Amino acid sequence: MAGNSFGQLFRLTTFGESHGKALGGIIDGCPAGITLDLEKVQEELNRRKPGQSAIVTQRKEPDTVEIYSGVFEGKTTGTPIGFAIHNTNQKSKDYSHIKDSYRPSHADYVYDKKYGFRDYRGGGRSSARETASRVVAGAIAKQFLNDIKINAFVSQVGEMKLEKPYQELDFSNIESNAVRCPDTEMAKQMEAYIKSIKKQGDTIGGVITCVAQNVPIGLGEPVFDKLHARLGEAMLSINAVKGFEYGSGFAGVAMKGSEHNDAFNPDGTTKTNRSGGVQGGISNGMDIYFSVAFKPVATVLQAYDTINKEGEQVTTQGKGRHDPCVVPRAVPIVEAMTALVLADYTLLARTNKI
């Protein structure tokens, strides 16, 4: 099975399944001498873990990360960083009802057809639990990046959309509520809505906005590895993601070039930032901002029609512990993947010129 590694110089390879003994990864290419705060790494993982509020899956996992290599006396050694997160609260019997059938819009069917075999327990490798390893790696990447600040937050749940530009938001409020929306009033409304969806045995989608600040000029490798292209790849690799747009995005098509262009200030900054901090695939020193759209979770706790392995029409009902809306727990995942891209491109930038 290919496709389990991400990055060129700062490279992460992950392993593990939702109901296996453990998940984990190997980070190759992390420079030596970085003072690593393992408590901060664990804090990032705690933001993603299940069971943290009433609006997420109630699977109870401590999600404690164990570092096995690449760190000595609190600093990275430059050798591969190996780590694992052990699963402790699997309930595989909750998935016995889908052993021979497929959940609509889930990876069940295509995994079975592609590999001729699938781990149906919690989705196996297709489970979003795999992203725990990405969060660990992203937390380490953040400490390497140091001065670059990455903040993601929930900006939409269903049709409930936060209309304020990010410049008017207080990022310190993001962790003050279960939804991880920096607007506290909107967060209350979103939380109530997610709870109502959960009571119906249904799910709902949402949008996460991410802002990277203090990004230096020059990150990005044209022509095929433009910075925004790699950010798009990183976000679209996250489970349930259906869309990515940066800067003015799709709204920019309704503007004239004279309106859309970002005029320069004498110091090279721009008066506006419709480019989203990227021009020609290279960071320009302005804030990088983008949005990521997540679909509703495929597993609904309602009766639904589907097919079994023999192609017969069957009716079944979702069971087990699932998120009614993934975006609150996906916020640290979006930040982690952003950090991995920026860490990789920071190292690549060092090869560009003397």
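Placed above this text is the structure.
Procedures and definitions
Residues numbered from 1 in each chain as written. Predicted model: local features only at pLDDT ≥ 70, side-chain atom pairs only at ≥ 80, totals over all residues. Heavy atoms only, no water. Helix = DSSP H or I, 4+ residues; strand = E, 2+ residues; numbered from the N terminus. Rg over C-alpha atoms; globule rule 2.2 N^0.38 Å. Buried < 20%, exposed > 50% of the residue type's maximum accessible area, 1.4 Å probe, protein only. Contact = heavy atoms within 4.5 Å. Areas by Shrake-Rupley, 256 points an atom, 1.4 Å probe, with all protein chains shown as cover. Lys, Arg positive; Asp, Glu negative; His and termini not counted. Charge placed at Lys NZ, Arg CZ, Asp CG, Glu CD. Phe/Tyr/Trp six-rings, centres within 6.5 Å; stacked < 30°, edge-to-face > 60°. Pairing = 2+ DSSP bridges. Polar contact = N/O pair within 3.5 Å; in protein donor to acceptor, adjacent residues only side chain to side chain. Axes fitted to C-alpha atoms, helices over the stretch in contact; angles between N-to-C directions. Parallel < 35°, antiparallel > 145°, perpendicular 65-115°, else oblique. Nonpolar A, V, L, I, M, F, W, Y, C, P; charged D, E, K, R; others polar. Left-handed = near helix turned anticlockwise from the far one by under 90°. 1 Å grid on protein atoms, 1.4 Å probe; cavity = no way out; pocket = protein on both sides within 12 Å on 5 of 7 lines; lining within 4 Å. Points joined across faces, edges and corners; volume = space filled by probe spheres on them.

### Description of the overall build of the chain
Next up, step 1: From N to C terminus, the chain includes 7 helices and 16 strands.
Next up, step 2: Here the C-alpha atoms of the chain give a radius of gyration of 21 Å, agreeing with the 20 Å that 2.2 N^0.38 yields for 354 residues.
Next up, step 3: If one aligns the C-alpha atoms of the chain with their principal axes, the spans along those axes are about 65 × 50 × 40 Å.
Next up, step 4: Across the 354 residues of the chain, 51% fall into the buried class.
Next up, step 5: Counting only contacts in the chain whose residues sit at least 6 apart along the sequence, the fraction spanning at least 24 positions is 71%.
Next up, step 6: Carbon together with sulfur atoms contributes 52% to the accessible area of the chain, which is approximately 16700 Å² in total.
Next up, step 7: Within the chain, one finds 42 positive and 40 negative side-chain charges whose respective centroids are separated by 4 Å.

### Here's the deal with the packing of aromatic side chains
Next up, step 1: According to the stated counting rule, one finds 7 aromatic pairs in the structure shown.
Next up, step 2: Seen from their ring centres, F244 and F290 are 5.3 Å apart, and the 45 degrees between their planes marks the pair as tilted. Here F244, found in strand 11 (residues 241–246), pairs with F290, found in strand 14 (residues 288–294); they are 46 residues apart in sequence, far enough to count as distant.
Next up, step 3: Of the residues examined, F290 reaches a relative accessible area of 1% and is grouped as buried.
Next up, step 4: Through pairs of rings, three or more aromatic residues link up here, namely F244, Y246 and F290.

### Structural notes on the sheet that holds strand 7 (residues 81–86)
Next up, step 1: Spatially, 1-2-3-7-4 is the arrangement adopted by the 5 strands of the open sheet, whose pairing is antiparallel. Every interior strand has two partners, whereas the edge strands, strand 1 (5–6) and strand 4 (65–67), have only one.
Next up, step 2: Across 6 bridges, strand 3 (residues 22–28) lies against strand 7 in antiparallel orientation. Pairing of A22 across the sheet is with H86, part of strand 7.

### Focus: helix 1 (residues 38–48)
Next up, step 1: Of the positions making up helix 1, those classed as buried are V41, Q42, E44, L45, R47 and R48.
Next up, step 2: Its buried side turned inward, helix 1 meets strand 4, strand 7, helix 3 (131–145) and helix 7 (327–349).
Next up, step 3: Capping the start of helix 1, D37 holds a side-chain oxygen 3.0 Å from the backbone nitrogen of E39, two or three residues further along.

### Concerning the pairing of strand 3
Next up, step 1: With respect to burial, strand 3 is a largely interior element, 5 of its 7 residues being buried.
Next up, step 2: Count of turn residues in the strand 2 (residues 11–16)/strand 3 antiparallel hairpin: 5 residues.

### Some words on the packing of helix 1 against helix 7
Next up, step 1: Where helix 1 meets helix 7, the axes come as close as 7 Å, and the angle between the chain directions of the two elements is 140 degrees. The angle between the axes of helix 1 and helix 7 places the two elements in the oblique class. Note on element contacts: helix 7 touches helix 1 through R329, V331, P332, I333 and E335, opposite E44, R47 and R48.
Next up, step 2: When its residues are assigned to classes, the contact of helix 1 with helix 7 shows 3 nonpolar, no polar and 5 charged.

### A few points about the sheet that holds strand 10 (residues 206–213)
Next up, step 1: Pairing within the open sheet is antiparallel, and its 5 strands lie in the order 9-8-10-14-11. In this open sheet, the two edge strands, each paired with only one partner strand, are strand 9 (160–161) and strand 11.
Next up, step 2: Summarising the sheet, strand 8 (residues 149–157) and strand 10 pair through 8 bridges and their orientation is antiparallel. Bridging from a neighbouring strand, I150 pairs with A212 of strand 10.
Next up, step 3: Set on the sheet, helix 4 (residues 184–199) makes contact with strand 8 and strand 9; between it and strand 8 the angle comes to about 55 degrees.

### Points about the packing of helix 1 against helix 3
Two quantities define a packed helix pair, namely the angle between the helix axes and the distance between the axes.
Next up, step 1: Packing of helix 1 against helix 3 leaves a shortest axis separation of 9 Å and a crossing angle of 140 degrees. Judged by the inter-axis angle, helix 1 sits oblique to helix 3. For the pair helix 1 and helix 3, the sense of crossing is right-handed. In this structure, helix 1 uses K40, V41, E44, L45, R47 and R48 to contact helix 3, whose residues at the interface are T131, A132, V135, V136, A139, I140, K142 and Q143.
Next up, step 2: Its residues assigned to classes, the contact of helix 1 with helix 3 comprises 7 nonpolar, 2 polar and 5 charged.

### A closer look at the layout of surface pockets
Next up, step 1: In this structure, the second largest pocket encloses a volume near 710 Å³.
Next up, step 2: Around the second largest pocket, the lining is made up of 30 residues, and of these K161, T209, E245, Y289 and S291 lie nearest the centre.
Next up, step 3: Only strand 8, strand 10, strand 11 and strand 14 provide two or more residues apiece to the lining of the second largest pocket.
Next up, step 4: Of all the elements, strand 14 adds the most residues to the lining of the second largest pocket, at 5 residues.
Next up, step 5: Across the lining of the second largest pocket, the residue classes tally to 15 nonpolar, 9 polar and 6 charged.

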